[in-house]
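# Coordinate inspection notes
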Amino acid sequence: MCEAMLHEKLPGNRARCNICQWRCVINPGKTGICQVYQNRGGTLYNLNYAHASSLAADPVEKKPLFHFFPGSLALSIGGWGCNFHCQDCQNWGISCDDGAHSWDSQRQVLPEETVEMARNHHCAGIAWTYNEPSVWFEYTLDSAKLAKTNGLYTVYVTNGFLTPEALDTIGPYLDVWRVDIKGFSDTLYRRLARVARWRGILDVARRAREKWRMHVEVVTNIVPTMNDDDGQLRGIAEWIAGELGELTPWHVTRFYPCYNLDYLSPTPISTLEHAYDIGKEAGLRFVYVGNAPGHQSESTVCYSCGRTVVERTGYQARVVGLKGSRCAFCGAELNFRTIETEEVNNG
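Report on the accompanying structure. (Residues numbered from 1 in each chain as written. Predicted model: local features only at pLDDT ≥ 70, side-chain atom pairs only at ≥ 80, totals over all residues. Heavy atoms only, no water.)

### Quick word on empty space enclosed by the protein
- Per the counting criterion, the structure on display carries one cavity of 30 Å³ or more.
- Lining the largest cavity we find 13 residues, and of these Cys-17, Cys-20, Cys-34, Tyr-37 and Asn-83 sit closest to its centre.
- Residues of the lining of the largest cavity, tallied by class, amount to ten nonpolar, three polar and no charged. (1 Å grid on protein atoms, 1.4 Å probe; cavity = no way out; pocket = protein on both sides within 12 Å on 5 of 7 lines; lining within 4 Å. Points joined across faces, edges and corners; volume = space filled by probe spheres on them. Nonpolar A, V, L, I, M, F, W, Y, C, P; charged D, E, K, R; others polar.)

### Looking at the nonpolar core
- Ranked by internal contacts, the top residues of the largest apolar core, which has 85 residues, are Phe-137, Trp-177 and Trp-250.
- Among the elements that line this core, the one with the most residues is helix α8 (residues 230-244), at seven residues.
- Ranked by size, the runner-up nonpolar core spans twelve residues in total, among them Phe-66, Cys-302, Val-309 and Cys-327. (Core = buried A, V, L, I, M, F, W, Y, C linked by side-chain atoms within 4.5 Å. Buried < 20%, exposed > 50% of the residue type's maximum accessible area, 1.4 Å probe, protein only. Helix = DSSP H or I, 4+ residues; strand = E, 2+ residues; numbered from the N terminus.)

### Focus on the layout of surface pockets
- Of the volumes computed, that of the largest pocket is approximately 1,100 Å³.
- Around the largest pocket, the lining comprises 40 residues; the ones closest to its centre are Lys-63, Pro-64, Gln-90, Asn-91 and Arg-178.
- In the lining of the largest pocket, the residues fall into 16 nonpolar, 14 polar and ten charged.

### Let's talk about the environment of Ala-4
- Residue position: Ala-4 is located in the loop between β1 (2-3) and β2 (7-10).
- When its relative accessible area of 3% is taken as the criterion, Ala-4 is described as buried.
- Sequence spacing of Ala-4 and Leu-47 is 43 residues, and the spatial spacing of their C-alpha atoms is 9.4 Å.
- Not counting residues up to four positions away in its chain, the partners in contact with Ala-4 are Tyr-37, Leu-44, Tyr-45, Asn-46 and Glu-138. (Contact = heavy atoms within 4.5 Å.)

### Points about the sheet that holds strand β7 (residues 54-59)
- If you walk across this open sheet you meet the eight strands as β7-β8-β9-β10-β11-β12-β13-β14, and the pairing is mixed. Strand pairing shows two members of the sheet lacking a second neighbour, β7 and β14 (287-290), which therefore form its edges. Going across the sheet, the axis of each strand differs from the next one's by a mean of 20 degrees, ignoring polarity.
- Note that strand β12 (residues 215-222) and strand β13 (residues 250-254) share five bridges and pair parallel. Of the residues in β13, the one forming a bridge with Asn-221 is Thr-253.
- Across the sheet, helix α3 (residues 111-120) touches β7, β8 (73-78) and β9 (125-128), and the angle it forms with β8 is around 145 degrees. (Pairing = 2+ DSSP bridges. Axes fitted to C-alpha atoms, helices over the stretch in contact; angles between N-to-C directions.)

### As for the pattern of salt bridges
- Throughout the structure, instances matching the rule amount to 15 salt bridges.
- Among the salt bridges present, the one from Asp-175 reaches Lys-148, with a minimum N-O distance of 2.8 Å. With Asp-175 in the loop between α5 (164-170) and β11 (176-180) and Lys-148 in helix α4 (residues 137-149), this pair connects stretches of sequence that are 27 residues apart.
- Owing to a relative accessible area of 31%, Lys-148 belongs among the partly exposed residues under this scheme.
- Its salt-bridge partner being Arg-207, residue Asp-168 comes within 2.7 Å of it at the nearest N-O pair. Placement of the pair is Asp-168 in helix α5 and Arg-207 in helix α7 (residues 200-210), with a sequence separation of 39 residues.
- Classification of Arg-207 as partly exposed rests on a relative accessible area of 30%.
- Here the residues in one salt-bridge network are Asp-58, Lys-62 and Lys-63, joined through shared partners. (Salt bridge = Lys/Arg side-chain N within 4 Å of Asp/Glu carboxyl O.)

### Structural notes on unusual backbone geometry
- Cis geometry marks the peptide bond from Lys-63 to Pro-64, where omega comes out at -10 degrees.
- Along the polypeptide, Pro-64 turns up in the loop between β7 and β8.
- Notably, Ala-50 is not glycine yet its phi reads approximately 70 degrees, a positive angle.
- Position of Ala-50 relative to the elements: it lies in the loop between β6 (43-46) and β7.
- The exposure class assigned to Ala-50 is buried, which follows from its relative accessible area of 0%.
- If you check the backbone angles, Asn-291 has positive phi at about 60 degrees while not being a glycine.
- According to the relative accessible area criterion, Asn-291 is partly exposed, its value standing at 33%.

### Here's the deal with the side chain of Thr-158
- Within the element layout of this structure, Thr-158 appears in strand β10 (residues 153-158).
- A relative accessible area of 2% means that Thr-158 is categorised as buried.

Following this line, the structure appears as structure tokens:
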């Protein structure tokens with residue numbers, strides 16, 4: 001447990017949490033929507049500091065991240081709880097209410113330990129993933145600071161609901177903003193995630209890229225009957241192209257039945273390919289079909305010369321035509337972050 005960094009003390013011993021965009025006003029003895037920030041006597045505390053639910057050395061492609069240190073391993077660590085209540089949650093056992101009270105029985109993994117484990121498992125960086133990283137914000141911040149001083153990259157796999165001030169607090173220590181954009185309407189976000197004011201997600205993603213120069217990749221898990229209509233998909237694709245840039249990767253991933261939507265069928269491949277076409281029509285250079293192993297869109301092909309620059313099969317990646325962030329064959333800018341590009345940026 002540790003005191004929350006970003007909170008206000010209010011009359012009547014209430015506290016306002018400013019970590020995420022819910023900005024919960026919490027009465028004494030109560031928790032916010034995420035159930036892991038609690039008001040104790042007018043002061044807000046995070047209850048799950050360093051309590052890990054999941055830990056693995058994953059290919060960075062599993063996040064998914066396709067244009068960031070391809071072929072590298074990321075020490076991937078998850079905690080407990082979430083500030084969303086998504087009907088299609090794949091990790092509901094650790095994110096939702098019935099799992100979020102289990103941290104006391106789990107081992108703690110201190111920031112120093114994550115750096116040591118990353119080195120021991122030959123990982124190039126650390127990713128906070130599996131559940132929403134903002135709900136143990138203080139822990140991810142301490143860990144990110146330590147990771148950067150030890151030459152490791154840092155990744156947030158996030159629903160994007162962080163407040164601007166929280167983003168600015170961790171921004172100097174975060175390399176990647178891998179954000180979900182679930183749809184492009186108030187109705188969809190209310191129906192799928194029980195979130196009403198979702199457009200702040202777009203503002204913070206833009207801020208991550210423009211102010212903090214983070215590498216940004218976007219994921220949309222396409223759920224049949226929910227967000228598979230042209231209006232939603234075109235809205236997302238056009239927003240990415242217009243606000244984040246045409247070189248921003250968009251992953252359109254296949255939904256599999258789970259949690260409260262276990263009655264639905266998996267997303268048809270034809271739907272994913274239609275989303276791919278919509279992305280291309282919107283001007284996006286890199287659209288990837290995900291959760292469909294063996295699909296032809298897995299590899300990265302240069303939009304300028306048509307040559308394959310990164311070959312992928314599942315989570316395995318082989319770089320065959322990159323020179324820094326550019327195509328090694330024709331020199332076109334492809335928006336990759338690699339060891340070469342980091343050396344140039346830091347040089």
